[in-house]
Amino acid sequence: MSYLFPNYQRKELEMMEGFQNTLIDQNGKHYLDFTSGIGVMNLGYNDPELNQVLQDQSKRLWHTPNLYENHLQEQTAEKLAKGKEYVSYFCNSGAEANEAAIKLARKATGRSKIITFTNSFHGRTYGAMSATGQNSIHQGFEPLVPDFTYVPFNELEPLKAVVDQQTAAVMLELIQGEGGVVLADEQWVQAVQSLCHEFGALLIIDEIQTGIGRTGTFYVYENYQVEPDIFTLAKGLGNGIPVGAMLGKACLAESFGPGSHGSTFGGNKLAMSVACKVVERIDQENFLQDVQNKGHQLYTGLKQIAENNPLIRSVRGKGLMLGIELVDQDTVKSMMDQLEAEGLLVLKAGQNVLRLLPPLTITEEEVDQGLEIVEKVFNSLSQADL
Ligand SMILES: *Cc1c(COP(=O)(O)O)cnc(C)c1O
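Residues numbered from 1 in each chain as written. Predicted model: local features only at pLDDT ≥ 70, side-chain atom pairs only at ≥ 80, totals over all residues. Heavy atoms only, no water.

1. A short note on the UniProt feature "modified residue: N6-(pyridoxal phosphate)lysine" (unreviewed entry) in the protein
Okay, step 1: Feature annotation in UniProt places "modified residue: N6-(pyridoxal phosphate)lysine" (unreviewed entry) on Lys-235, given in this structure's numbering.
Okay, step 2: Looking at the secondary structure, you find Lys-235 in the loop between strand 11 (230–233) and strand 12 (244–249).
Okay, step 3: Not counting the four nearest positions on each side in its chain, Lys-235 is found in contact with Ile-38, Gly-39, Val-40, Glu-178, Ile-208 and Gln-209. (UniProt positions renumbered as here; feature names shortened; annotations may be inferred. Helix = DSSP H or I, 4+ residues; strand = E, 2+ residues; numbered from the N terminus. Contact = heavy atoms within 4.5 Å.)

Written out as C-alpha cells, the structure reads:
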C-alpha cells in the first residue's frame, strides 16, 4: 500500500535528477521539460549560482522568526516593487499569497464582497478555494467562505451587474493558467479597473503563474496599462524553494499593521536568499527579451504545426506560457503520453488544452527539438485518426 493520501493522480514515473532544462527518471531516461514543474523552475534545474546562494545561506542561518529584521526580505521586496510604491508580505505558497490578498482587501475597505471569474484558479485553502470559480474544486467542501461572486471572464455586463459599493475587490488572472491558458482582453481589463475605481473596490491581480518573467515581461500586468492595488506571486519566485508574496500599494500598508497577519516560515532566510537572486537574474532587459524571442519561436512553430493538423483548434498564450487547444478533449491524455514517450514533458490545462511552460532558460535548439517532437506526435496521431 501507499502511505500517502491519493489526492494526486500520479504517474508511475519518478524524476531523480535534473540539469538545466532536462529531467532524468528512475530508469535513466532523459526528458526535455516543457513544464518547469508547473511554472516553478524558471531558471531550470541545478543552476550553479542558485545552488551556491542556497548553500552559502544554509551554512549561515536557515531561519529566524519574523520578530527580527530580515534584510533579505527588504532587498527582495525592493526589487519586486520595481521602482513603484508597492510593499510586500512574504509567505510560502500561492494560496497563502491569495489568502493575504483577500484578507487585506477586506480589512482595507471594510467591505466583504469579492468578485472573481469562472474557470479561475486561485488555490486550495478556504479563502483561495472560495475565490476559485470552478464548482469541481468546491465540491464536498461547502460551506465556502461567504461573499464570493463569480462572473464570466472577458465579459463586462455581468461584472457591471454585480459590482457595487459593498465590493471589496475584483480578483483575476490576466492569463487563466489552470483554466486553459485563456488571455484576458486588454480593453476589458482596463474597463474592469475603471469599474473598480468607480466603486472604490480594489483590483487584485493573481500573478502566481504569469509573474517572474514567464510571459516575457517581469509581470504580465505591465502589458495591460493597469496598476493593480494588490498582486500575488509564488510559483517562479523561488525556483523550487517554497515562497510566495503578496504586494500591495503602500497606501494599504496601515491595514496590515502589527499583529494583523503573519506566517511562521514566511520569508525565511533560506527561501529569501534564493528568491532575491532569482528576481535579480530574471528582471533584466536582455533576459526578458530573450524570453520573448523564444516564446515567439515556440508560438510560431506551434502555429505552423496547427495549420496542417485537424486535431488542433488553436494555439495561444504569451511569452513562454502557451496553450495548444485540441478539438477533442479525449485526445489530451494520449497526446501527453506519446509526447512523454518521445521525451517531452507537457502539462494539461482546462479540459482540452496542452499547456507548455518551459524553463525561461530553454535554448533555441531545445525549442526546435520540442517542436519536432510535437509535430511528430501530432502527425502520427492525426494519421491514426483517419
Ligand atoms: C498555482 C496557482 C495558485 C496556487 O498556488 P499554490 O502554491 O499551489 O498554493 C494560485 N493562483 C494561480 C494563478 C496559480 O497558477
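2. Remarks on the sheet that holds strand 3 (residues 30–33)
Okay, step 1: Reading across from one edge, 1-2-3-15 is the order of the four strands in this open sheet, with mixed pairing throughout. Strand pairing shows two members of the sheet lacking a second neighbour, strand 1 (15–19) and strand 15 (344–345), which therefore form its edges. (Pairing = 2+ DSSP bridges.)

3. Topic: the state of the cysteines
Between two cysteines, a covalent bond joining their sulfur atoms is known as a disulfide.
Okay, step 1: Inspection of the entire model under this criterion finds zero disulfides.
Okay, step 2: Unpaired in this structure, Cys-91 has its nearest cysteine sulfur neighbour in Cys-276, at a distance of 17 Å.
Okay, step 3: A disulfide-free cysteine, Cys-196 has its sulfur positioned 14 Å from the sulfur of Cys-251, the nearest such atom. (Disulfide = S-S within 2.5 Å.)

4. Quick word on the pattern of salt bridges
Should the charged atoms of two oppositely charged side chains come close, the side chains can pair.
Okay, step 1: For the structure on display, the rule yields 18 salt bridges.
Okay, step 2: Lys-79 serves as the salt-bridge partner of Glu-280, at 3.9 Å between the closest nitrogen and oxygen. Separated by 201 residues along the polypeptide, Glu-280 in helix 9 (residues 269–282) and Lys-79 in helix 3 (residues 71–81) bring together distant segments of the chain.
Okay, step 3: Classification of Glu-280 as partly exposed rests on a relative accessible area of 35%.
Okay, step 4: Among the salt bridges present, the one from Glu-178 reaches Arg-355, with a minimum N-O distance of 3.0 Å. Within this pair, whereas Glu-178 is found in the loop between strand 8 (175–176) and strand 9 (182–183), its partner Arg-355 is found in strand 17 (residues 353–356), the two being separated by 177 residues in sequence.
Okay, step 5: Of the residues examined, Glu-178 reaches a relative accessible area of 24% and is grouped as partly exposed.
Okay, step 6: Residue classification places Arg-355 among the buried residues on the basis of a relative accessible area of 2%. (Salt bridge = Lys/Arg side-chain N within 4 Å of Asp/Glu carboxyl O. Buried < 20%, exposed > 50% of the residue type's maximum accessible area, 1.4 Å probe, protein only.)

5. Some details on the layout of surface pockets
Okay, step 1: Looking at the second largest pocket, its volume works out to about 420 Å³.
Okay, step 2: As for the second largest pocket, its lining consists of 17 residues, of which Asn-66, Tyr-68, Asn-70, Gln-73 and Ser-88 are closest to the centre.
Okay, step 3: Of all the secondary structure elements, the ones that give two or more residues to the lining of the second largest pocket are helix 3 and strand 4 (86–91).
Okay, step 4: In terms of residues, the lining of the second largest pocket owes the most to one element, strand 4, which gives five residues. (1 Å grid on protein atoms, 1.4 Å probe; cavity = no way out; pocket = protein on both sides within 12 Å on 5 of 7 lines; lining within 4 Å. Points joined across faces, edges and corners; volume = space filled by probe spheres on them.)

6. Section: helix 8 (residues 186–199)
Okay, step 1: Here helix 8 is 14 residues long and its end C-alpha atoms lie 20 Å apart, about the 20 Å a rise of 1.5 Å per residue gives.
Okay, step 2: Looking only at helix 8, the buried set comprises Trp-188, Val-189, Val-192, Gln-193, Leu-195, Cys-196 and Phe-199. With its buried residues spanning 160 degrees around the axis, helix 8 presents them on a single face. Residues of helix 8 that are exposed and angled more than 90 degrees away from the buried face: Gln-187, His-197 and Glu-198. (Expected span 1.5 Å × (residues − 1). Arc of directions from axis to C-beta.)

7. Focus: the packing of aromatic side chains
Okay, step 1: Under the definition given, this model contains nine aromatic pairs.
Okay, step 2: Where Tyr-86 meets Phe-231, the ring centres are 5.1 Å apart and the plane angle is 85 degrees; that geometry is what we call edge-to-face. Of this pair, Tyr-86 sits in strand 4 while Phe-231 is found in strand 11, placing the two residues 145 residues apart along the sequence.
Okay, step 3: Residue classification places Tyr-86 among the buried residues on the basis of a relative accessible area of 6%.
Okay, step 4: Ring centres of Phe-117 and Phe-153 lie 6.0 Å apart, and the angle between their planes is 70 degrees; this geometry places the pair in the edge-to-face category. With Phe-117 in strand 5 (residues 113–117) and Phe-153 in the loop between strand 6 (148–151) and helix 7 (157–162), this residue pair connects regions lying 36 residues apart in the sequence.
Okay, step 5: Phe-117 sits in the buried class, given a relative accessible area of 1%. (Phe/Tyr/Trp six-rings, centres within 6.5 Å; stacked < 30°, edge-to-face > 60°.)

8. Observations concerning the site of the ligand
Okay, step 1: By nearness alone, every residue bordering the ligand is listed as Ser-93, Gly-94, Ala-95, Asn-98, Phe-121, His-122, Gly-123, Glu-173, Asp-206, Ile-208, Gln-209 and Lys-235.
Okay, step 2: Phe-121 has a polar backbone atom sitting 3.2 Å from a nitrogen atom of the ligand.
Okay, step 3: Here Gln-209 contributes a side-chain N or O atom positioned 2.7 Å from an oxygen atom of the ligand.
Okay, step 4: Protein coverage of the free-state accessible area of the ligand, which is 390 Å², stands at 80%.
Okay, step 5: When residues in the shell around the ligand are grouped by element, the largest group, three residues, is from helix 4 (residues 94–109).
Okay, step 6: Counted by class, the shell around the ligand contains three nonpolar, six polar and three charged residues. (Near = heavy atom within 4 Å. Polar contact = N/O pair within 3.5 Å; in protein donor to acceptor, adjacent residues only side chain to side chain. Areas by Shrake-Rupley, 256 points an atom, 1.4 Å probe, with all protein chains shown as cover. Nonpolar A, V, L, I, M, F, W, Y, C, P; charged D, E, K, R; others polar.)

9. Digging into the nonpolar core
Looking at soluble globular proteins, one finds that nonpolar side chains tend to be buried together.
Okay, step 1: Counting 88 residues, the largest nonpolar core has Leu-80, Leu-354 and Phe-378 as its most contacted members.
Okay, step 2: Looking at this core, you find at least three residues from each of domain 1 (15–33 + 285–385) and domain 2 (48–282).
Okay, step 3: In this structure Leu-354 touches Leu-322, Gly-323, Ile-324, Leu-326, Val-332, Met-335, Met-336, Leu-339, Val-346, Leu-347 and Phe-378, once residues within four positions along its chain are discounted.
Okay, step 4: By size, the runner-up hydrophobic cluster in this structure holds 20 residues, among which are Tyr-89, Ala-97, Leu-202 and Phe-256. (Core = buried A, V, L, I, M, F, W, Y, C linked by side-chain atoms within 4.5 Å. Domains from an automatic or database assignment.)

10. Here's the deal with helix 11 (residues 331–341)
Okay, step 1: Taken residue by residue, helix 11 has Thr-331, Val-332, Met-335, Met-336, Leu-339 and Glu-340 as its buried positions. One face of helix 11 carries all of its buried residues, which in axial projection span an arc of 165 degrees. Turned more than 90 degrees away from the buried face of helix 11, the exposed residues are Lys-333 and Ala-341.
Okay, step 2: Of the residues one or two after helix 11, Gly-343 is the one with positive phi, at around 95 degrees.

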